[in-house]
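Working through the structure, step by step
In case you want the letters, here they are:
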Amino acid sequence: MRLPPVAPVLLAALLWPAAGPAQGATRLAREVLAEMVSQRTTTEGSTTPLAESLAARFRAAGFPAEDVLLLGAGTEDRNLVVRLRGRDRTRPPRLFGAHLDVVGAEPPLWSADPWTLTERDGVLYGRGVQDDKGPAASLVAAFLTLQADGVVPAGDLLLMLTAGEESGKNNGVDWLVTNRPDLTRAEFAIIADAGGGEMVAGAPVAFSVQSAEKIYLDVTLTARGPGGHSSVPNGPSPIDRLARAISAVGAFTFPVTLNPVAREFLRARATMTPGAQGAAMAAIARDPSDAAAARTLSADPALNALLRTTCIVSLVSGGTAPNAIPAEATANVNCRVIPGTEPDSVVATLRRLAAPAQVEVTVAYPARPSPPSVLPAVLRTAITESLAATVGPVPIIPFMEMGATDGVYLRNLGIPTFGVIGLFTADAELRTMHGNDERVTAAAYDRSVEFMLQLVRRLAR
Ligand SMILES: [Zn+2]
């Protein structure tokens, strides 16, 4: 049974009383979150007991056993995949994901036990309440609620709760994509581990949807020579020549390459950004060849990284003894390539820069392609309506991640993938992610659960 359509304002008023105990899906999500936080799913721990107990919860709620799958690379790294069956099994499924593993915690540095979900003065504390058990619990609650309401989606909805995101060891999404592509070939995927709402002075101002990520690439610079005794220098040594190549790489700036996601981000941010920076954002979104605007924006390291491919030397090694001329010196150059740019062209640029110093350039960690994802209208509408119903009208801003997330494995397959989290957080809270006293306000968490329920419900249609 579906909920009848309700005017957004009325629904918000119904679901979000100013105070009072959590109800329905929010109470369920809190219960699941408490269980998740109590399980130490760190690199030294295991995701398996948690995946197993969540599986039992889904089976007890009436999901057929064949739609509740425990699988993965190792006995300590089980992933859980749950299918809510749709009417039309020929439609590609819509995929929702989050990770179950967390980074460790040092209890003495916390004001509450990191392995117990604690509510104090309207704030929830616990390792993973932001990253990523809070969002994972909201997805669990949404799937269980749809099942309890008897909702039969138009097509299958898949929920994937995975291991190995934080450590990269036995990454669950990588494993599923490789070993069970039937479970990941989706119309689109929503990964509740990136993006989210932005609060300024207690008011929601923007909702970010991660739609692209820069591509990771490592390149090795190698200079070689005959070596010898340092008492008899024989011309520029490998270290001298490596230093010249490093300087050339450091002095080089890649050209501005605005992909559609970055362009929309700048257009939307321009209206919220005062002064010369806001004007430059608007100008470059209109005309990516605007050199003056590019100069203004490049002064900010984060915006510079949004505009262009970047490469920086991150490791250097050379020499074996204080009194020997080294026969070899190497450096690692870490590049973050704008999606849509050919990684080979970046390597070719580095070769050109290193050639005068006779330094060899080889690929150490090859780029995995990750094309930007364009928000489908159905998803944009569902997010817009779900926001309106839970926090009010807030602009949606697609953005490009500078780091790398699980989305890369799915985008590699050509599956449009979006980082969506319903949590609205202030900067001070965001900084506790991976840190001490990881926290989120209880009200923001409950709203995020209601947002996710609304979103899954709308995408079931
Ligand atoms: Zn995460």
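Our structure is the block above this text.
Below or above, wherever it landed, is the structure these notes cover. (Residues numbered from 1 in each chain as written. Predicted model: local features only at pLDDT ≥ 70, side-chain atom pairs only at ≥ 80, totals over all residues.)

A few words on unusual backbone geometry. Where the residue is not glycine, phi is negative for most of them; where a peptide bond is considered, it is trans in most cases. Geometrically, the link from D131 to D132 is a cis peptide bond, its omega value of 10° lying close to zero. Of note, D132 is situated in the loop between β5 (123-125) and α4 (133-148). In this structure, D121 is a non-glycine residue whose phi angle is positive, near 50°. You can see D121 is positioned in the loop between β4 (118-120) and β5. D121 gets classed as exposed once you count the C-beta atoms within 10 Å, which come to 6. A positive phi is found at D437, a non-glycine position, where the angle reads about 55°. (Helix = DSSP H or I, 4+ residues; strand = E, 2+ residues; numbered from the N terminus. Buried ≥ 20, exposed ≤ 12 C-beta atoms within 10 Å, placed from the backbone.)

A few words now on the environment of P398. Its place among the elements puts P398 in strand β16 (residues 396-401). In sequence terms P398 and D77 are 321 residues apart; their C-alpha atoms lie 32 Å from each other. With residues up to four places along the chain from it excluded, the contact list for P398 reads V209, S211, V261, E264, F265 and L375. (Contact = placed C-beta atoms within 7 Å.)

Bringing the pairing of strand β9 (residues 203-213) into the picture now. Where strand β8 (residues 196-200) and β9 come together, five bridges link them in antiparallel fashion. Of the residues in β9, the one forming a bridge with G197 is F207. Counted along the chain from β8 to the antiparallel partner β9, the turn is two residues long, and its residue A201 has a positive phi close to 50°. Two strands pair when backbone bridges link them, and β9 and β16 are joined in this way by six bridges, in the parallel orientation. Within β16, the position partnered with S208 by the bridge is I397. (Pairing = 2+ DSSP bridges.)

Grouped together as the largest cluster of nonpolar side chains are 97 residues, with contacts concentrated most on L139, A141, F143 and V456. Counting contributing residues per domain, this core is built from domain 1 (8-194 + 405-459) and domain 2 (215-365), each supplying no fewer than three. With near-sequence residues (within four places) excluded, V456 lies in contact with F96, A142, F143, L146 and L157. (Core = buried A, V, L, I, M, F, W, Y, C linked by C-beta atoms within 7 Å. Domains from an automatic or database assignment.)

The strand order across the open sheet formed by three strands is β4-β5-β19, and the pairing between neighbours is antiparallel. Of all strands in the sheet, those with a lone pairing partner are β4 and β19 (439-441), marking the two edges. Each strand of the sheet is rotated relative to its neighbour by a mean of 25°, with strand direction disregarded. Note: β4 against β5, three bridges, orientation antiparallel. Opposite T118, over in β5, you have Y125 as the bridge partner. Taken strand by strand, helix α15 (residues 442-459) contacts β4, β5 and β19, and its axis lies near 80° from that of β19. (Axes fitted to C-alpha atoms, helices over the stretch in contact; angles between N-to-C directions.)

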